[in-house]
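Notes for the structure review
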Amino acid sequence: MASNSRYIVGIDIGGTFTDVIALDVETGHALSAKTPTTPGRFVAGVTNSIKTLGVPLHEVGQIIHGSTTCTNALIERKHAKTGFIGTKGFSDEFDIQRMIRRWGKTSWSAIYDLHQKKPAPFVRRHLRRELDERVAYPGVVVKELDLDEVRCKAKELIEAGASSLAVCLLWSTVNSSHERRVKALIDSEFKNVYVSISCEVAPVVREYERMVTTAVNASLMPVMTDYLATVKEELNSMGFRGSLLLMQSHGGVADPEVLKERPILTLRGGPVAGVVATNNLGKTLGTKRLISCDIGGTSCDTAIILDHAIPLTDETEVDYYPVKIPTADIHCIGAGGGSIAYVDAGGALRVGPESAGASPGPACYGSGTQPTLTDANLVLGRLSADEFCGGQIKLDTDAARSSLEALSRRLGCNVTTAAEGIVRVAVANMAESIRLQTIDRGHDPREFSLVGFGGGGPLHASLLAEASSIPEVIIPLQPGVFSTVGMVVAELGYRSQTGCLQPLASVDPIKLERSFREMEAAGAAMLRTSSTKRGDVRFSRSAAMRYTLQEWEIQVGIDVGRIDHHGLEKIKAAFHAAHRARYAFAPEDKPVEFVTLYVDSSLPTPPLRHEPPVQGDGDPAGSQKGTRAVYIDERMGFVDVSIYDRVRLEADDVINGPCIIEELTSTTFVQKGWQVTVDPMGNLIVRSLESER
Amino acid sequence: MVTAPVSRWFAQASEDFLNLGAIPPDVPRVEVRRNALDPVTFAVLGGALFSICQEMDITLRNTSLSPIINIGKDFSCAIFTSDAQLVAQACNCPGHVGSMHYAVLSCISSFGFENLNEGDVYMLNDPYQGGTHLPDITLITPVFYKDELVMFAGNRAHHSDVGGSCPGSFPLSDSIFEEGIRIPPVKFYDRGSKVPSVISMLLANVRTPEEVEGDIEAQLAANRAGARGLVRLMDKYGRDVVLCAILEYMDHSERAFRNSLNIPDGSYTAEDWMDGDGKTEGARKIRANVVVKGSDVFVDFTGTEAQARGPINSIFPTTASMVVAALLALTDPTIMPNHGFYRPIHVKAPSGTLVNPTFPAPAVGFPDVCNRIVEVIMEALTPVIPDRVIAATSGTTTNCFFGGTNPTSGQPYVWYNINSQGGWGGRSDADGWHNVCFIEANGWDIPVETIEYRYPWRVLAYKLRDDDSGAGKFRGGKGNYLALTPIGHDVQFSVNGDRAVTLPYGLFGGKPGASGKCTIYHKDGRIERVAPKMLKADRLIVRQDDVLVIEAPSGGGYGNPLERNVDSVRDDVLDGIVSIESARHDYGVVFSDGGRVVDFIATAELRAQMFNAYETRSAELNSINRKPYTLDDDAGH
């Protein structure tokens, strides 16, 4: 490998910190660092953090990045003003929204709740236009497209202020010619307007979901394009000659040029990296039930990982808007170190979802005045004023204390009690998020291990585990930048999908094989556009299938080699087996049909190795670096606890809580009643002594 | 021990108030050692019981065949104690769930508790023996743990056809005998093996045997999932811990309901009207007197019209179910629904009325009466909880049924269309929803692409109605407009709607919503308004290339439209939800520049003028809001 592409760099830009990892592909070793986020100045942040590592930018072959730009634009509704063009008679489906009541406070209350809020249509009525055209199943043109009408409607929308246009016509999944001609006309006749067509963005049957997914994608195209232009230009000017890759929602990375057309694929690209990293850790440890818990400056992201698989969902929504793209199933709540604490109208203490972010940041950073979760932890002694972020950031305890004073006056208590309350409320919010994913789905949290990472994960993990009845916590190596591990271990991957609504009995195996080959060729092209890695692209085929007359599909892996009649029979058998495994029965005499075909194309990544710690004798005394007063609980108050230096801990060291373990990127607080063991790879395994019986 | 038939409860509710939480004294009950649960186990089990029901729901939804079940979700899944108390339900139809324990009771009384065996599955659909209406087939599975019957899993699903005189089994019947095959509680599985004659008897009587058979298989799979989940739970936590948590949850829901009822003691009454019974036109009164005493609620339907000759009668279990749904909606919908919160609720429904008919009154069209029961309870409580009630919803299902033969495949089909849903009423703080499923059920619409894939029809429009009804400070939501045409064949068509004459009422000066309509535009140019006085018809013929248009009612407005925020009126005009004319006449908002710009000065003047006129008319308007609205009244505005 050429020396000028010695490093793969993963970068995770959070609201507060930018984390970076550089993997030396020759040795498999990684360097990492954490620096404050520089809002609006991506490249300054990136180059700063790469410089911190001592890695020359010209030796970096790839920068992999999980961008939250699109997510933020969508949540804050700061995306492009988007017009919609659809088939005559159907664009009100934006208002109908599938008719079902489902916006209740709990999973069951929606059927009764008279006051729940139905979301506004993603595209308002005055920005929607209809074309007098019609395609019918299985692809017959019933009414020809009138290009003059297209021109006229597009012009109206652009005049009404739309800078992006989404086009979704009925049955474009079986005949996309009308949609493609609409796009061609708009592309050629209207400059500076972005167009998304549904057959390219989400070729899935069921028109409402396809319409909204296409509109969301269109609304994000200018956002992504502007963002990439800025980033690339700046990186080039700094001497970067490698390639930039972005993380996608399903946990694979891709070339941004591809994503310009499909920005929607990056919606969960930030939070998914931590899930990929947790899954990687689970494989190494052989642990099958993990909860990944990433607590950063602004949010707490949790995901359930069972049997070493990244949990994927095809029912993703953003504020109830369906997003029909393959996505990791992650819960996000606004609870992080920067979450602002306040007293609400009813006199109750609340924490988040508002965050002080990187600027002004928590009060203890020196410029903010509002109390945050980080300020509370500092006042409780759980964070060190001098050792925060390896001493790069000096925290101002007095500022933290004074920010808490006003709050404690309103609550009628002292500063310590207010600080302890802030931590308790934040942890309860996080515990609720975990409850929704475990207890509400029938999983017993007592069978899981919580992997705590992100700047705030190790600080709160044992408290959160206690509140959620999780008996074991794992704090990985370099937990503060653990998400970036996910960036560099993630495969370069692309998931193609295409509609194929057809009974299996009438499928021509040669045509099916051709469809898959076309998707594989497209997938390989997507990957190779930017790939600097060698190795063959791996393909994995699957299909969403169902029994004829069913509405809901099951995904079935297809591994039958070149598809012929015999292969079709095997596919059918695989579907019966999948149906039986999921629902405990399979009417095997009934006809089966295809709905959607998928191809996952991926390129493997070079392995990552961590230097294991020295084997110790179980006594951690050698790594103790002092003591400080830390607040434990109401009964014990402040107690002098031992502070350990994580890098000096040795394998098999055992420490009883309460204790504090400090390292460059994070601080681990272990509550009383919990015990830490250092495993042979250096992970901290924290177990509840209570659950040991 | 012999358990009395469920009809005993229906008769009892006629004489005196029936406490909905009462446990039948003649049903044997399993012993439970009650011991204190730690809070984590309690929380874990509550979630697990709900998620067992959700797993039943997903299984039934994902494996069933007819769109009314696998998309429209006209089904419900629940689990019960051995003495037929509701333990938990999935997020399904309010009308099904509050009534399903009567099906469990009916199985117990028909066969005798001691004769229920492991591996048995019971089936029924007779409304007079624990069912709701004939298309809803209920399967009840006793759940055994270590050879002891500890619980029941049950589900009911609306089938595409159960025979009778009309495709879709929604005829304008004058007795239940025309409505399809009646299934009393029968043993469908006997100790693990299928009783083949039951299913062959059923399939011989329906127009869609393939769908019905597949849907019954899905129902079986759902109950199996429920039973499996419960056994697994008991394996893990122990029988007593699980059963104990169930009892605790009931007490918990009862406490939560009582604590959050928060309605002043008093007696509150309201009346509303159905447009006709399908057989004859003319208003049919539904009257409810709601008495609140502390944290107990007594709902008395005395004064409700005698049972109808046509099929709109709601048997006692569905009536009770909607009382429960209304009170939960008006109290705290986040309370976990189980038998515990039935305990503070008491219902009296005289026999031989619309809300407690006697055999063999037809009952297939009960859901519209169910919708009206919720509304009449809300109307009654409007003076005391004005912020919690909402203006009238569409109040009807506007269900449509199509039967024909697919010209390509030569196969007969029945299509139950549920997409024609109405608008909901305006609320104290927000507009009503456009086009949302009626309150007695809650399902997804059938995507146009799914309709066209499955049925030989082309949908021409699926959109919001274009009307100016339901003006208010918070306006009503729009009903649906569906236009469609059959391809290459003629079709038998039936419709079960309401609110064709009696409009969805507005509240506090809000205007009523729009009535429902159904029109056939014949190929030869003839325009046929279908049953304009009651919107109920069966077996009409829609010919190839005729266009059928169904318009569901829109919701009523809440509050004086003159108090509506001018920006909201402008947004509605921009979006074509409110016309410029209605903006002026109903809202007093004047536009200039062809409707783009609000003329604020003219608006202020017009609003002041209209306010004065409104003050003098408000008493009159309020009284109109308490009478059956008619189209004639509306024309007089």
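1. Details of the packing of helix α5 (residues 196-203) of chain B against helix α6 (residues 209-237) of chain B
Residue and element names in this part refer to chain B. Contact pair α5 / α6: the axes reach a minimum separation of 10 Å and the direction vectors enclose 140°. Accordingly, the angle class assigned to the pair α5 and α6 is oblique. α5 and α6 meet at a crossing whose hand is right-handed. Where α5 approaches α6, its residues Ile199, Leu202 and Leu203 are matched on the opposing element by Pro209, Val212, Glu213 and Ile216. For the contact of α5 with α6, the per-class residue count stands at 6 nonpolar, no polar and 1 charged.

2. A look at the interface of chain B and chain A
Contacts between the two partners involve 58 residues from chain B and, on the opposite side, 50 residues from chain A. Going through the elements one at a time, α2 (39-63), α3 (67-70), α6, α8 (316-330), α10 (448-454) and β15 (457-464) of chain B are the ones with two or more residues in the side of chain B that touches chain A. With 12 residues, the top contributor of residues to the side of chain B that touches chain A is α2(B). Classifying every residue of the side of chain B that touches chain A by side-chain character gives 31 nonpolar, 15 polar and 12 charged.

3. Concerning the sheet that holds strand β20 (residues 536-542) of chain B
Within a sheet, neighbouring strands are paired by backbone hydrogen bonds and run either parallel or antiparallel to one another. All names here are of chain B. Taken in spatial order, the 4 strands make up an open sheet running β14-β13-β17-β20, and their pairing is antiparallel. Both outer strands of the open sheet, β14 (412-417) and β20, are each paired with one neighbouring strand and no more. Going from strand to strand, the sheet's axes swing by 15° on average, the running direction of each strand aside. Two elements, strand β13 (residues 399-405) and β14, share 6 bridges in a ladder whose sense is antiparallel. Residue pairing across strands places phenylalanine 402 opposite tryptophan 415, the latter belonging to β14.

4. So, the domain arrangement of chain A
Residues and elements named next belong to chain A. For chain A, the domain assignment lists domain 1 (3-73 + 226-266), domain 2 (78-218), domain 3 (491-603) and domain 4 (620-692). Taken over C-alpha atoms, the centre of domain 1 sits 33 Å from the centre of domain 2. On the domain 2 side, the residues contacting the 4 residues of domain 1 number 6 residues. Tallied by class, residues from the side of domain 1 that touches domain 2 come to 3 nonpolar, no polar and 1 charged.

5. Digging into the sheet that holds strand β31 (residues 659-662) of chain A
All names here are of chain A. Overall, mixed pairing links the 4 strands, which are arranged β28-β29-β31-β32 in an open sheet. Two strands lie at the open edges of the sheet, namely β28 (624-631) and β32 (667-670), each paired on one side alone. Strand-to-strand twist across the sheet, computed as the mean angle between neighbouring axes with direction ignored, equals 25°. Where β31 meets β32, 4 bridges bridge the pair, whose relative direction is antiparallel. From the neighbouring strand, isoleucine 661 faces β32, where its bridge partner is threonine 668.

6. Some points on the environment of A:Tyr583
Along the chain, the position of A:Tyr583 falls in helix α16 (residues 565-583). Ignoring anything within four residues of it in the chain, the contact list for A:Tyr583 reads B:Thr59, B:Asn62, B:Thr63 and B:Ala221.

7. As for the nonpolar core
Ranked by size, the top nonpolar core spans 375 residues in total, and within it A:Val9, A:Leu165, B:Ile79, B:Val323, B:Ala326, B:Ile373 and B:Ile377 carry the most contacts. Discounting chain neighbours no more than four positions away, the residues touching A:Leu165 are A:Gly83, A:Ile85, A:Ala154, A:Leu157, A:Ile186, A:Val193, A:Val195 and A:Ala218. Counting 10 residues, the second-largest nonpolar core is a separate cluster that includes B:Ala471, B:Ile577, B:Ala583 and B:Tyr587.

8. Looking at α8(B)
Helix length check: α8(B), at 15 residues, gives a terminal C-alpha distance of 21 Å against a target of 21 Å (1.5 Å per residue), a fit within 8%. Here α8(B) lies mainly inside the structure; 15 of its 15 residues are buried.

9. Quick look at unusual backbone geometry
Residues and elements named next belong to chain A. Going from tyrosine 137 to proline 138, the amide bond is cis rather than trans, its omega being 5°. In this fold, proline 138 is placed in the loop between β7 (134-136) and β8 (140-143). A cis amide bond links glycine 657 with the next residue in sequence, proline 658, at an omega value of 0°. A positive phi angle is found at glutamine 97, which is not glycine, with a value near 55°.

10. So, the environment of B:Val290
Residues and elements named next belong to chain B. Residue placement: valine 290 occurs in strand β10 (residues 281-293). Classification of valine 290 as buried rests on a count of 24 C-beta atoms within 10 Å. It is 6.9 Å that separates the C-alpha atoms of valine 290 and alanine 380, two residues lying 90 residues apart in sequence. Here valine 290 is in contact with Tyr268, Val297, Val299, Ile377, Ala380 and Leu381, once residues within four sequence places are set aside.

Definitions and cut-offs
- Sequence order as written defines the numbering, with residues in each chain counted from 1.
- In the order they appear in the text, chains get letters beginning with A and ligands get numbers beginning with 1.
- With pLDDT at 70 or above as the cut-off, local features in this predicted model cover only qualifying residues; side-chain atom pairs require 80 or more to be listed or tallied, and sums for whole chains, interfaces and linings still use all residues.
- Only C-alpha atoms enter the line fits that serve as axes; for helices the fit covers just the stretch in contact. Angles between N-to-C directions range over 0 to 180 degrees.
- Helix and strand definitions here come from DSSP, where helices need a minimum of 4 consecutive H or I residues and strands a minimum of 2 consecutive E residues; each element is numbered from the N-terminal end.
- Relative orientations are named as follows: roughly parallel for angles under 35 degrees, roughly antiparallel for angles over 145 degrees, roughly perpendicular for angles from 65 to 115 degrees, and oblique for any other angle.
- Crossings are assigned a handedness: left-handed for a near helix turned anticlockwise from the far helix by less than a right angle, right-handed for a clockwise turn.
- Residue pairs qualify as contacts under a 7 Å threshold applied to their C-beta atoms, which are placed from the backbone.
- The classification used treats Ala, Val, Leu, Ile, Met, Phe, Trp, Tyr, Cys and Pro as nonpolar, Asp, Glu, Lys and Arg as charged, and all other residues, Gly among them, as polar.
- In short, DSSP must find at least two bridges between two strands for them to pair.
- All the domain ranges listed were derived from an automatic or database domain assignment.
- Joined through C-beta atoms within 7 Å, a set of buried Ala, Val, Leu, Ile, Met, Phe, Trp, Tyr and Cys residues constitutes a nonpolar core.
- Counting other C-beta atoms within 10 Å of a residue's C-beta gives its exposure: the residue is buried at 20 or more, exposed at 12 or fewer, and partly exposed in between, where C-beta atoms are placed from the backbone.
- In this scheme, a helix's expected span is set at 1.5 Å multiplied by one less than its residue total.

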